[in-house]
Structure formats: structure tokens, C-alpha cells
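A look at the structure
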Amino acid sequence: FMKTLRMVMAVVGLALVLALALVLVSERLGPAAGGGAVIKVTGSGEAEAAPDMVSFTVGVRKRADTAAAAQAAASRAMEPVMARLLAEGIAADEIETRSLAVRAVSQALIPMPNSRQEAHNIVQVRTRLTSGLGQLLADLGAAGANIFGSPDFYLNDKVVFEYTARRAAVKDAQDKAAVIAEAAGLRLGAVLRLEDGTGGEFGMGGYSLPEDYTDEDAVPPVVPVSPGKVTLSASVLIEFSLIP
């Protein structure tokens, strides 16, 4: 009987030891598993680069007594403009027709039946940015173009610069979190959550509606063009655990 009692007590003691161990482990893992101190921060970063691509609109606007005559005049005027673009080495698939229209020209709110007609033909050009862009724009004006749109400068391959911006955003978040944790007398622990925010690209140029230039406007020898720089931005959200 005594031997059996000792065996029962030994089993009970072992069970108590295991139960105590489980309690200690659960208390140690509790804060990290759910409900411990955490901090959420957002970080932002930027990367600058010189643009290597340009997009701009160019076209012609002509007036005549009839819609057919105006359209024919615009079509004829567009031929040397297109020829100059192709002569620059711009591929045909880099030139896209964006607008073809004919409308009545009238000072009245309702055009009169005998109103003169105006036709325009506008293309958008996307091509490599070169130092000859200013001369090309001047040549297009000399060739008959009288509609120009603001150029948009951008990057053909921006992946490397996006990575640079994201690295900067992560470091910004880490630095913010470290300062806040130190002020609270804590240290950063493991990363619990990491989200990539929405980035963007900002160039010095920008697309706008075409600006009109009449046939009487003088075309400068070289159009001044300044591409500036393209700034790529990134943001991240990081959640850290905090430890004493």
C-alpha cells in the first residue's frame, strides 16, 4: 500500500511541476502573443533622378468656310509636322493621335449657319529625352504646328529609384519608432507588421490642355526647355513590439 501511495504522490508531484512550468511559459509568451506593448509608425522616403523620357502634344488648327475645307487644311498642315517627328528618329508607335475635331467658329452663343469652321489634329509624342528637344519644338513650329501641350518628363525604368525611396521610408519608420521607444524607456522588438504604402512620382513638367499659338506668333530659334528632376516617393507602415 505504501509503495502504491508513493507512486501516486510522485505522479501528482510531476503533474504539479508540469502545470507550474506551463504557467510560467504562458506568462512569458503572453505579451508577445497578444496584448503586449506595440508601436505603429509610418515612414516616408524619396529618391530623385534626372528624367530620361518626355511626353508632349503637338498639332495644327486651321479654319475655312466649310468643315470639309477646314479638315482638309488641317490634314495638309499636319503632314510636315509628322514628317519632322519621324525625321527626328521618333518611331511611329511613339506617336499617337489624341484629338481630331471640327467645330463652328462663332462669337455668338449659337453658331450661325454660315459660321466659319475650325479643324484641329493633335498627336501625343512619347520618346526618349535628348538635348535636342528645344530645337525639335522650334522646328515643329516652323513646320506649321500651332498647338503645343506642356511636356511631361518621367523615367522609363524607375524600379531602382523606387527601391531607394522604399529603403529610405523603412529607415525613416525605424528611426521614428526608436526615438519614441527610447523616450518611453523601452526598446524595439520584432517587426509584427509591415505594409507598403502608396508611392508616387512627381516631375517638374505636367500634362495640360494644349496652348494655342496663332500663325502670327513668332517661333523662337530654340524653345527653352528645362526637364528638372523627377522625385519618386514611397511610404511604409511598420508595427514593432516593445520590450523593457
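Residues numbered from 1 in each chain as written. Predicted model: local features only at pLDDT ≥ 70, side-chain atom pairs only at ≥ 80, totals over all residues. Heavy atoms only, no water.

This paragraph deals with the overall build of the protein. The helix and strand tally for the protein stands at four helices and ten strands. Helices and strands in the protein line up, N terminus first, as α-β-β-α-β-β-α-β-β-α-β-β-β-β. The proportion of buried residues among the 244 residues of the protein is 28%. Surface accessibility of the protein: about 15,300 Å² in total, with carbon and sulfur atoms responsible for 61%. (Helix = DSSP H or I, 4+ residues; strand = E, 2+ residues; numbered from the N terminus. Buried < 20%, exposed > 50% of the residue type's maximum accessible area, 1.4 Å probe, protein only. Areas by Shrake-Rupley, 256 points an atom, 1.4 Å probe, with all protein chains shown as cover.)

So, about the pairing of strand 2 (residues 53-64). Buried residues dominate strand 2, accounting for nine of its twelve residues. In this sheet, strand 4 (residues 116-128) lies alongside strand 2 in antiparallel orientation, the contact comprising twelve bridges. Looking at the pairing, lysine 62 lines up with alanine 119 of strand 4. As paired elements, strand 2 and strand 6 (residues 152-154) share three bridges and run antiparallel to each other. Among the inter-strand pairings, valine 54 is bridged to a residue of strand 6, identified as phenylalanine 153. Looking at chain direction, strand 2 and strand 5 (residues 147-148) are connected through two bridges and run antiparallel. By the bridge assignment, valine 58 is partnered in strand 5 with phenylalanine 148. (Pairing = 2+ DSSP bridges.)

Core analysis: the largest hydrophobic core is formed by 24 residues, its most contacted members being Phe56, Val58, Leu85 and Leu140. Elements supplying a minimum of two residues to this core: strand 2, helix 2 (67-87), strand 4 and helix 3 (133-142). With six residues, the single largest contributor to this core is helix 2. If near-sequence neighbours (up to four positions away) are discounted, leucine 140 is found in contact with Phe56, Val58, Val81, Arg84, Leu85, Ala145 and Phe148. Among the nonpolar cores identified, the runner-up in size contains ten residues, and Val41, Ala181, Val236 and Ile238 belong to it. (Core = buried A, V, L, I, M, F, W, Y, C linked by side-chain atoms within 4.5 Å. Contact = heavy atoms within 4.5 Å.)

A word on the packing of helix 2 against helix 3. Relative orientation of the contacting elements helix 2 and helix 3 amounts to 155°, with a least axis distance of 9 Å. Here helix 2 lies roughly antiparallel to helix 3, going by the angle between them. The handedness of the crossing between helix 2 and helix 3 is right-handed. Each of Val81, Arg84 and Leu85 in helix 2 lies in contact with helix 3, whose residues at this interface are Leu136, Asp139 and Leu140. Looking at the contact of helix 2 with helix 3 residue by residue, the class counts come to four nonpolar, no polar and two charged. (Axes fitted to C-alpha atoms, helices over the stretch in contact; angles between N-to-C directions. Parallel < 35°, antiparallel > 145°, perpendicular 65-115°, else oblique. Left-handed = near helix turned anticlockwise from the far one by under 90°. Nonpolar A, V, L, I, M, F, W, Y, C, P; charged D, E, K, R; others polar.)

For the rest of this paragraph, the subject is the environment of tyrosine 163. If you trace the backbone, tyrosine 163 turns up in helix 4 (residues 159-183). On the accessibility criterion, tyrosine 163 (45% relative accessible area) is partly exposed. Distance in space between the C-alpha atoms of tyrosine 163 and glycine 45 is 10.0 Å, their sequence separation being 118 residues.

Looking now at the side chain of serine 241. Along the chain, the position of serine 241 falls in strand 10 (residues 230-243). On the basis of relative accessibility, which here comes to 17%, the residue serine 241 falls in the buried class. From its side chain, serine 241 meets the backbone nitrogen of alanine 190 in a polar contact 2.8 Å long. (Polar contact = N/O pair within 3.5 Å; in protein donor to acceptor, adjacent residues only side chain to side chain.)

Let us now look at helix 2. Here helix 2 spans 30 Å end to end across 21 residues, near enough to the 30 Å set by a 1.5 Å rise per residue. Within the sequence span of helix 2, burial applies to Ala70, Ala73, Ala74, Ala77, Met78, Val81 and Leu85. Turning to helix 2, the residues buried within the fold contact strand 2, strand 3 (95-105), strand 4 and helix 3. Once helix 2 ends, the next one or two residues include glycine 89, with phi positive near 95°. (Expected span 1.5 Å × (residues − 1).)

Tracing the backbone shows asparagine 121 in strand 4. Using a relative accessible area of 15% as the deciding quantity, one classes asparagine 121 as buried.

With that out of the way, let us pick up the confidence of the model for the protein. In the predicted model, the protein carries a mean pLDDT of 81, and 73% of its residues have values of at least 70. Low pLDDT (under 50) marks residues 14-34, which in the prediction has one contact with non-local residues, meaning those over four places away or in another chain. Note that pLDDT drops below 50 for residues 204-216; the model gives that stretch 29 contacts with residues more than four away or on any other chain. (pLDDT = per-residue confidence, 0-100.)

What follows concerns the pattern of salt bridges. Summed over all chains, the structure comprises 13 salt bridges. Arginine 84 is paired through a salt bridge with aspartate 139; the nearest N and O atoms lie 2.8 Å apart. Remark: aspartate 139 occurs in helix 3 and arginine 84 occurs in helix 2; sequence separation between them is 55 residues. Judged by its relative accessible area of 22%, aspartate 139 falls in the partly exposed class. (Salt bridge = Lys/Arg side-chain N within 4 Å of Asp/Glu carboxyl O.)

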